[in-house]
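Breakdown of the fold
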Amino acid sequence: MIGRLNHVAIAVPDLAAAADQYRNTLGATVRAPQDEPDHGVTVVFIELPNTKIELLYPLGDNSPIKGFLDKNPSGGIHHMCFEVEDILAARDTLKAQGARVLGDGEPKIGAHGKPVLFLHPKDFNGCLIELEQV
Ligand code: CO
């Protein structure tokens, strides 16, 4: 069901410093910051030849990243995003197998303008998984 690894997301305590590190120290192509108010994050995408890194920084008072950074003050891997062809079919298949979908279970439009869903980390070895329809 899952296809390519679309991105790995890393929550960071200092977005500008993290973006500079990927640009200057690691020599990667770094995009401009993007505010995603619906998701409570500001995102910087790092373009790699085979996938992307998504740097996440809290936006607003109810950001889902804030609690993560409270627990992991120096940052850490927050989620992985896998591509799927049909997000509703993927959701229904996963739910039928007992996996929990976060939120109301309906896809939201993600940072790439495509529908996304998140799966409960406790059902996937402690890893928050994002599915994105491509
Ligand atoms: Co993501």
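As annotated in an unreviewed UniProt entry, the chain carries the name methylmalonyl-CoA epimerase and comes from Paracoccus solventivorans. In its Catalytic activity (unreviewed entry) section, the UniProt record describing the chain reads: "(R)-methylmalonyl-CoA = (S)-methylmalonyl-CoA". In its Sequence similarities (unreviewed entry) section, the UniProt record describing the chain reads: "Belongs to the methylmalonyl-CoA epimerase family."

On to the coordination of the cobalt ion. For the cobalt ion, the full set of protein donor atoms is His7 (NE2), Glu54 (OE), His79 (NE2) and Glu130 (OE), at a range of 2.0 to 2.5 Å. Of note is the cobalt ion, whose four donor atoms meet at the metal with angles of 88 to 175° in an arrangement that counts as irregular. For glutamate 54, a relative accessible area of 4% gives the class buried. The exposure class of glutamate 130 is buried, given its relative accessible area of 5%.

This paragraph deals with the nonpolar core. Generally speaking, nonpolar side chains in soluble globular proteins are found buried as a group. One finds Tyr22, Val44, Ile46, Ile53 and Leu55 to be the most contacted residues of the largest nonpolar core, which totals 13 residues. Every element with two or more residues in this core is listed here: strand 1 (5–11), helix 1 (15–25), strand 4 (41–47) and strand 5 (52–58). Considering each element in turn, this core owes the most residues, four residues, to helix 1. With sequence-adjacent residues up to four places away left out, tyrosine 22 is seen in contact with Ile10, Gly27, Ala28, Val30, Ile46, Ile53 and Leu55. Ala90, Ala99, Leu119 and Leu131 belong to the second-largest nonpolar core, a separate cluster that totals eleven residues.

Our next topic: the pattern of salt bridges. As enumerated under the stated definition, the model contains seven salt bridges in all. Here arginine 4 and glutamate 83 are joined by a salt bridge, their closest N and O atoms 3.3 Å apart. Within this pair, whereas arginine 4 is found in the segment before strand 1, its partner glutamate 83 is found in strand 6 (residues 76–84), the two being separated by 79 residues in sequence. Here glutamate 83 falls in the buried class, since its relative accessible area comes to 11%. The closest approach of N and O atoms between arginine 31 and glutamate 47, which form a salt bridge, is 3.3 Å. Highlighted residues: arginine 31 in the loop between strand 2 (29–30) and strand 3 (34–36) and glutamate 47 in strand 4, separated in sequence by 16 residues.

Rules behind the numbers
Residues numbered from 1 in each chain as written. Predicted model: local features only at pLDDT ≥ 70, side-chain atom pairs only at ≥ 80, totals over all residues. Heavy atoms only, no water. UniProt positions renumbered as here; feature names shortened; annotations may be inferred. Donors = N, O, S within 2.8 Å, 3.2 Å for Na, K, Ca; no water. Tetrahedral: all angles 85-135°; square planar, octahedral: opposite > 155°, others 65-115°. Buried < 20%, exposed > 50% of the residue type's maximum accessible area, 1.4 Å probe, protein only. Core = buried A, V, L, I, M, F, W, Y, C linked by side-chain atoms within 4.5 Å. Helix = DSSP H or I, 4+ residues; strand = E, 2+ residues; numbered from the N terminus. Contact = heavy atoms within 4.5 Å. Salt bridge = Lys/Arg side-chain N within 4 Å of Asp/Glu carboxyl O.

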